[in-house]
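Coordinate inspection notes
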Amino acid sequence: MTMRPIRIIGDPVLRTPSEPVTSFDDELRALVTDLMDTLLGAPGRAGVAAPQIGVNAQVFVYDAGGHRGHLVNPTLQVSEELQDDDEGCLSIPGLYFPTPRALHATAHGFDQHGEPLTISGSGFLARALQHETDHLAGRLYVDTLRGDTRRKALREIRAGRFDSPSRHG
C-alpha cells in the first residue's frame, strides 16, 4: 500500500491544468493504485485527484455515495438543479464551506485500461465528481464560492487557519 502525501494549497501543481493521459500502461495503473491507496488510507476521504499527489495527469479516484472507482480524462455534464451543502478538500484541510454544485452529474472518460467509462450520480457522488474534475482543471472548491462565504474562506486560508500538516511539527 502506497499512501502518497497530499499537496496543500499554495503548491503550484494544484493550480496547473492537468495533461490528458495518452498511455494506458503499467505506469497509469500504478498511479491509479497509489491514488486509491491514498484515498482509502485515511477515513473520511471522498476522492483524490492526481494533482493532489503531485502528478500532472487527468486521473482521479472516488469513494462517494456508495460508489468507488476511478476515471481517466473525464468530461462532465451537470444538471441546472443545484445543491448547496458544505464541502471541504484534502488540499485545504479542516475548512468546510457551503458550496453550490449541480445536483446531478455524469462523467465520461476511460478506465485504467483505456475502456470507455461513464459514471452518473446525484447528491454526494455528483459533488465528488465535480470536485475532482475541478482539480484536473487547476481549480479548488473555494474558487466556486461567492460573496461573504468566499471572503471568509480566503481570509481563513491567508491566515493559515486550515489544518496544515506543516503546523503539526
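Everything numeric in this text was worked out from a predicted model, so none of it was measured. (Residues numbered from 1 in each chain as written. Predicted model: local features only at pLDDT ≥ 70, side-chain atom pairs only at ≥ 80, totals over all residues. Heavy atoms only, no water.)

**Considering the overall build of the chain**
A tally of regular secondary structure across the chain gives three helices and seven strands. Overall, the chain shows an N-to-C arrangement of helices and strands of α-β-β-β-β-β-β-β-α-α. On the principal axes, the C-alpha backbone points of the chain span a range of 45 × 40 × 25 Å. For the chain, with 169 residues in total, the buried portion stands at 47%. Put simply, of all contacts in the chain between residues at least 6 apart along the chain, 65% involve residues at least 24 apart. Summing over all exposed atoms, the chain offers an accessible surface of approximately 8400 Å²; the carbon and sulfur share of this is 50%. One finds the centroid of the 17 positive side-chain charges in the chain at a distance of 10 Å from the centroid of its 22 negative side-chain charges. (Helix = DSSP H or I, 4+ residues; strand = E, 2+ residues; numbered from the N terminus. Buried < 20%, exposed > 50% of the residue type's maximum accessible area, 1.4 Å probe, protein only. Contact = heavy atoms within 4.5 Å. Areas by Shrake-Rupley, 256 points an atom, 1.4 Å probe, with all protein chains shown as cover. Lys, Arg positive; Asp, Glu negative; His and termini not counted. Charge placed at Lys NZ, Arg CZ, Asp CG, Glu CD.)

**Side note on the packing of aromatic side chains**
Inspection of every chain in the model, using the stated rule, returns two aromatic pairs. Seen in terms of ring centroids, phenylalanine 24 and phenylalanine 110 are 6.0 Å apart; in terms of plane orientation they differ by 65°. Their pairing is edge-to-face. Taken together, the residues phenylalanine 24 in the segment before α1 (26-40) and phenylalanine 110 in strand β6 (residues 104-110) connect sequence positions 86 residues apart. Judged by relative accessible area, which is 27%, phenylalanine 24 ranks as partly exposed. (Phe/Tyr/Trp six-rings, centres within 6.5 Å; stacked < 30°, edge-to-face > 60°.)

**Thoughts on the UniProt feature "binding site: Fe cation" (unreviewed entry) in the chain**
The feature "binding site: Fe cation" (unreviewed entry), as annotated in UniProt, sits at Cys89, His131 and His135 in this numbering. Spatially, the listed residues are clustered: although they cover 47 residues, their C-alpha atoms lie within 10.2 Å of one another. Along the chain, cysteine 89 turns up in strand β4 (residues 82-89). Checked against the element boundaries, histidine 131 lands in helix α2 (residues 123-136). (UniProt positions renumbered as here; feature names shortened; annotations may be inferred.)

**Things to note about the sheet that holds strand β7 (residues 116-122)**
Pairing is antiparallel across the open sheet formed by five strands, whose spatial order is β1-β2-β3-β6-β7. A single partner strand is all that each edge strand has here, and the edge strands are β1 (47-49) and β7. Between one strand and the next, the sheet's axes are offset by a mean angle of 40°, whatever the strand orientation. Where β1 and strand β2 (residues 59-64) come together, three bridges link them in antiparallel fashion. Residue pairing for β2: valine 48 is matched across the bridge by valine 61. (Pairing = 2+ DSSP bridges. Axes fitted to C-alpha atoms, helices over the stretch in contact; angles between N-to-C directions.)

**Quick look at the pairing of β2**
Counting buried residues in β2 gives five out of six residues, a clear majority hidden from the surface. Here β2 runs beside strand β3 (residues 67-78); their pairing, made up of six bridges, is antiparallel. Bridge assignment links valine 61 to a residue of β3, and that residue is histidine 70. Hairpin connection from β2 to β3: two residues lie between these consecutive antiparallel strands, with glycine 65 at a positive phi of about 60°.

**A word on unusual backbone geometry**
Among all residues save glycine, negative phi is the norm, and among peptide bonds the norm is trans. The phi angle at asparagine 73 is positive, at roughly 50°, despite the residue not being glycine. Examined against the element boundaries, asparagine 73 turns out to sit in strand β3. Given the relative accessible area of 15%, asparagine 73 is considered buried.

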